[in-house]
Amino acid sequence: MWFLPLVLCVRTARTSKLLAPWYRPAAFVSTLLISQPQYAWLKELGLPEENQGVQNGRNLVSLEMGKILVEGVGEVQEYVDICDYAVGLSRIRGPILPSERSGHALIGQWNPVGLVGIITVLDFPVAVYGWNNAIAMICRNVCLWKGAPATSLITVAVTKIIAKVLEDNKLPGAICSLTCGGADIGTAMAKDERVNLLSFTRSTQRFGRSLLELAGNNAIIAFEDADLSLVVPSRCTAVRRLFLHESIHDEVVNRLKKAYAQICIGKPWDSKVLFGPHHTKLAVNIFLGAVEEAKKEGGTVIYGGKVMDCPGNYIELTIVIDLTHDASIAHTETFAPILYVFKFKNEEEVFAWNNEVKQGLSSSIFTKDLGRIFHWLGPKGSDCGIVNVNIPVSGAEIGGAFGGEKHTGGGRASGSDAWKQYMRRSTCTINYSKDLPLAQGIKFQ
Ligand SMILES: *[C@@H]1O[C@H](CO)[C@@H](O)[C@H](O)[C@H]1NC(C)=O
């Protein structure tokens, strides 16, 4: 798979001693790339033979973009180099950390983000895509590339080569797709939420960094083999959505009601109290609004739902059932102790329901099934930053990176490499020799 830029590179490098085509005699016409059967697609694109850019393709970068030949070759070489580098990185693994809790495993897991949008510019029409594409692919992502409008032919040629290598390896060529166009297409890519990560290279654009910790809309999933005494959450206020397998739904709901009845609500300085008042009247109104909305969307309040009849902003712990998994209120983060309980039938649907909200902080499953546990941790499992098994969604050890994905922000606090986000990074090159070797082995004669 990592041979992919070699074809392009070899084609370009072999001919690097040739004169630029505009000095070339007419005899070269017989070797027109566009006339060779394997490049018939250039004709399919509607390109005429007299187009300079398709005359023999050996230095397409120079022809279409105007970069001198050695630099065009160097750019392709850079793509080859980054592929080599990416292969070396490709066994990406997270750390296994010693947990401070006995009988617990703490695993740092890296999963693909999904679709990486890559927007590149005119000055490096091959290499910049290469940097992004090679790393994105060894991270098991798929790519959508928009090159500069002025170098569409290079974008098409590179994509064709990659597609061939992918297909030769029995993978769909569309893993690395392209779209041509201008700023309108770039803006559409930036706005589209299906593009999970957008890499945008542009000289004048300023991109700030952000370290965000936003709302979670956390979920717990309990399967039929769950230990029910663990499921009934001890810190009930941290979980918003509870998915229960249909076979245990009624029993867990009953246990929850009993557990809630035992929670002492009162003055927060009293040591018996587990749940205190809300901070403001506004928060109380937000709670009431959410309960009303849940009822409107078909929910049934089976516990709580009211403001308590006493001074202070006290509200009842609340359980709502009968909502569908995609009810808009359940997709809205409300900072109030409302638990939405759902019934599910199988693993596939419930993992999808866990992931279908815009937030992605914390998530837990309760099960004893080993296959299901690793499915949950893997690329098709939870898309949250915190992915737990047989423990609730709340509480985190400082040894693991803490934070959420998607609208929750993507930032990480604490944990082994959170420090990287607080640093400015420098790559320093010092020449202490007598020569001036160039990167990518470029030589100016
Ligand atoms: C750095 O590079 C130049 C070539 O441009 C070379 O002549 C010079 O000796 C090098 N080393 C130092 C210490 O300047």
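In this convention, every chain numbers its residues from 1, walking through the sequence in written order. pLDDT decides what is reported in this predicted model: residues at 70 or higher carry local features, side-chain atom pairs at 80 or more are listed and counted, and totals for whole chains, interfaces and linings draw on all residues regardless. Side-chain metrics rest on all non-hydrogen atoms present in the structure, leaving aside hydrogens and water.

Asker: I tried to follow the pattern of salt bridges on my own but got confused; where do I start?
Answerer: It is possible for side chains of opposite charge to pair when their charged atoms get near one another. Salt bridge criterion: a side-chain nitrogen from Lys or Arg within 4 Å of a carboxyl oxygen from Asp or Glu. Throughout the structure, instances matching the rule amount to 15 salt bridges. Ionic pairing is found between R194 and D192, a salt bridge with its closest N-O pair at 2.7 Å. Judged by its relative accessible area of 63%, R194 falls in the exposed class. By relative accessible area, which is 24% here, D192 ends up partly exposed. Between K306 and E316 there is a salt bridge, with the nearest N and O atoms lying 3.8 Å from each other. One end of the pair, K306, is in the loop between β9 (300-303) and β10 (318-321); the other, E316, is in the loop between β9 and β10, and ten residues separate them in sequence. A single network of salt bridges, built from pairs that share partners, joins E224, D225, E347 and R372. Burial classification: accessible surface area is computed with a 1.4 Å probe over protein chains only, and a residue below 20% of its type maximum counts as buried, one above 50% as exposed, and the rest as partly exposed. Put simply, DSSP H or I for four residues or longer makes a helix, DSSP E for two residues or longer makes a strand, and each gets a number counted from the N terminus.

Asker: How do you make sense of the site of the ligand when you look at a structure like this?
Answerer: Any residue with a heavy atom positioned within 4 Å of a molecule or strand is treated as near that molecule or strand. Neighbouring the ligand are N431, S433, K434, D435 and L436. In these tables, accessible area is a Shrake-Rupley quantity obtained with a 1.4 Å probe, and a residue counts as shielded only by the protein chains included in the view. Here the ligand has 350 Å² of accessible area as a free molecule, and 44% of this is covered by the chains.

Asker: Where do I start with the packing of aromatic side chains in this structure?
Answerer: The geometry of an aromatic ring pair is captured by two quantities: the separation of the ring centres and the angle between the planes. Two aromatic rings from Phe, Tyr or Trp, using only the six-membered ring of Trp, form a pair when their centres are within 6.5 Å; if the ring planes differ by under 30 degrees the pair is stacked, by over 60 it is edge-to-face, and anything between is tilted. Throughout the structure, instances matching the rule amount to eight aromatic pairs. Residues Y79 and Y129 carry aromatic rings whose centres are separated by 6.4 Å and whose planes lie at 75° to one another, so their mutual orientation is edge-to-face. Within this pair, whereas Y79 is found in helix α4 (residues 69-89), its partner Y129 is found in helix α5 (residues 127-138), the two being separated by 50 residues in sequence. Per residue, the accessibility class of Y79 equals that of Y129, and both read buried. Among the aromatic residues, those joined into a cluster by ring pairs are F223, F344, F351 and W376. Placement of a charge over a ring requires the Lys NZ or Arg CZ to be within 6 Å of the ring centre, with the centre-to-atom vector within 35 degrees of the ring normal. The ring of F223 carries the charged tip of R372 above its face, separated from the ring centre by 3.9 Å.

Asker: What should I look at first to understand the pairing of strand β13 (residues 386-389) in this one?
Answerer: As a general feature of sheets, a regular strand has side chains that alternate between the two faces. Side chains I386 and N388 of β13 all project onto a buried face; the interleaved residues V387 and V389 project onto a face where none is buried. Should DSSP find at least two bridges between two strands, the strands are taken to pair. Where strand β12 (residues 362-366) lies against β13, four bridges are found, and the strand directions are parallel. For S364, the partnering residue across the bridge sits in β13 and is N388. Between β12 and its parallel partner β13, the chain crosses via helix α12 (residues 370-377), and the hand of that crossover is right-handed. Handedness rule for crossovers: strands pointing away from the viewer, path from the first strand over the helix to the second running clockwise, crossover right-handed.

Asker: Quick question: what am I supposed to make of the packing of helix α11 (residues 347-355) against α12 here?
Answerer: When two helices pack together, their arrangement is given by the angle between the helix axes and the distance between those axes. Note on definitions: angles span 0 to 180 degrees between N-to-C directions of axes, and those axes are lines fitted to C-alpha atoms, for helices only across the stretch in contact. Contact geometry for α11 and α12: axes closest at 12 Å, N-to-C directions at 30°. The angle between α11 and α12 places the two elements in the roughly parallel class. Note on packing geometry: the crossing formed by α11 with α12 is right-handed. From α11, E347, F351 and N354 reach across to α12, where they touch R372, H375 and W376. The classification used treats Ala, Val, Leu, Ile, Met, Phe, Trp, Tyr, Cys and Pro as nonpolar, Asp, Glu, Lys and Arg as charged, and all other residues, Gly among them, as polar. Residue classes in the contact of α11 with α12 are distributed as two nonpolar, two polar and two charged. Each angle receives one of four descriptions, namely roughly parallel if under 35 degrees, roughly antiparallel if over 145, roughly perpendicular if within 65 to 115, and oblique otherwise. In this scheme the handedness of a crossing depends on how the near helix is turned from the far one: anticlockwise by less than a right angle means left-handed, clockwise means right-handed. Contacts: residue pairs with any heavy atoms within 4.5 Å of one another.

Asker: Please clarify how helix α9 (residues 249-261) should be interpreted in this entry.
Answerer: Counting along an α-helix, one turn takes 3.6 residues, and residues three or four places apart therefore face a common direction. The first and last C-alpha atoms of α9 sit 19 Å apart over 13 residues, in line with the 18 Å expected at 1.5 Å per residue. Residues H249, V252, V253, L256 and Y260 constitute the buried set of α9. Here the buried residues of α9 occupy an arc of 100° about the axis, which is enough to place them on one side. The exposed residues of α9 that point more than 90 degrees off its buried face are D250, K258 and A261. Expected span, for any helix, means 1.5 Å times one less than how many residues it has. When we speak of the arc, we mean the arc of directions from the helix axis to the C-beta atoms.

Asker: Is there a simple way to explain a nonpolar patch on the surface in this structure?
Answerer: The patch calculation keeps residues exceeding 30% relative accessible area without a salt bridge and links them within 9 Å when they carry like charges or within 5 Å when they are nonpolar (Val, Leu, Ile, Met, Phe, Trp, Tyr). On the surface, I68, L436, L438 and F444 cluster together to form a nonpolar patch covering roughly 420 Å² of accessible area. When you line up the elements, L438 lands in the segment after β13. A residue is classified by how much of its surface remains accessible, and L438, at 33% relative accessible area, is partly exposed.

Asker: Honestly, the side chain of T367 in this entry has me stumped. Any pointers?
Answerer: Along the chain, the position of T367 falls in the loop between β12 and α12. Its relative accessible area of 0% is what places T367 among the buried residues. Setting aside residues up to four positions removed in sequence, T367 forms contacts with F223, D225, A226, R372, I373 and N390.

Asker: Mind showing me how you'd approach the confidence of the model for the protein chain here?
Answerer: Do not read the fine detail of predicted coordinates wherever pLDDT is low. For every residue, the pLDDT score states the predictor's confidence, bounded by 0 at the bottom and 100 at the top. Considering every residue of the protein chain, the mean pLDDT works out to 83; 84% of them sit at 70 or more. Here residues 53-57 is a poorly scored stretch, pLDDT under 50, and it has 21 contacts once near neighbours within four places are set aside; other chains count.

Asker: What exactly am I supposed to notice about the packing of α4 against α5 here?
Answerer: For the pair α4 and α5, the least separation of the axes is 8 Å and the interaxial angle reads 15°. If you check the angle between α4 and α5, you find them roughly parallel. As for the relative orientation of α4 and α5, their crossing is right-handed in sense. Touching E75, E78, Y79, I82, C83, Y85, A86, V87 and L89 of α4 are A127, Y129, G130, W131, N133, A134, I135 and I138, all from α5. Tallied by class, the residues present in the contact of α4 with α5 amount to 13 nonpolar, two polar and two charged.

Asker: Honestly, the nonpolar core in this entry has me stumped. Any pointers?
Answerer: Side chains of nonpolar character tend, in soluble globular proteins, to be buried together. Judged by nonpolar contacts, the single largest core of 27 residues is most densely connected at Y79, V126, Y129, V158, I162 and C176. Elements supplying a minimum of two residues to this core: α3 (60-65), α4, β3 (115-119), α5, β4 (142-146) and α6 (152-168). Top contributing element to this core by residue count: α6, with seven residues. Joining through side-chain atoms within 4.5 Å is the link that ties buried Ala, Val, Leu, Ile, Met, Phe, Trp, Tyr and Cys residues into a set, and such a set is a nonpolar core. Grouped together as the second largest cluster of nonpolar side chains are 26 residues, F243, L323, F344 and I365 included.

Asker: So what exactly am I meant to see when it comes to the sheet that holds strand β7 (residues 219-222) here?
Answerer: Strand pairing in a sheet takes place through backbone hydrogen bonds and is either antiparallel or parallel in direction. One open sheet holds the seven strands; their spatial order is β9-β10-β11-β8-β7-β12-β13, and the pairing between them is mixed. Among the strands making up the open sheet, the edge pair consists of β9 and β13. The average undirected angle you get between the axes of adjacent strands in this sheet is 20°.

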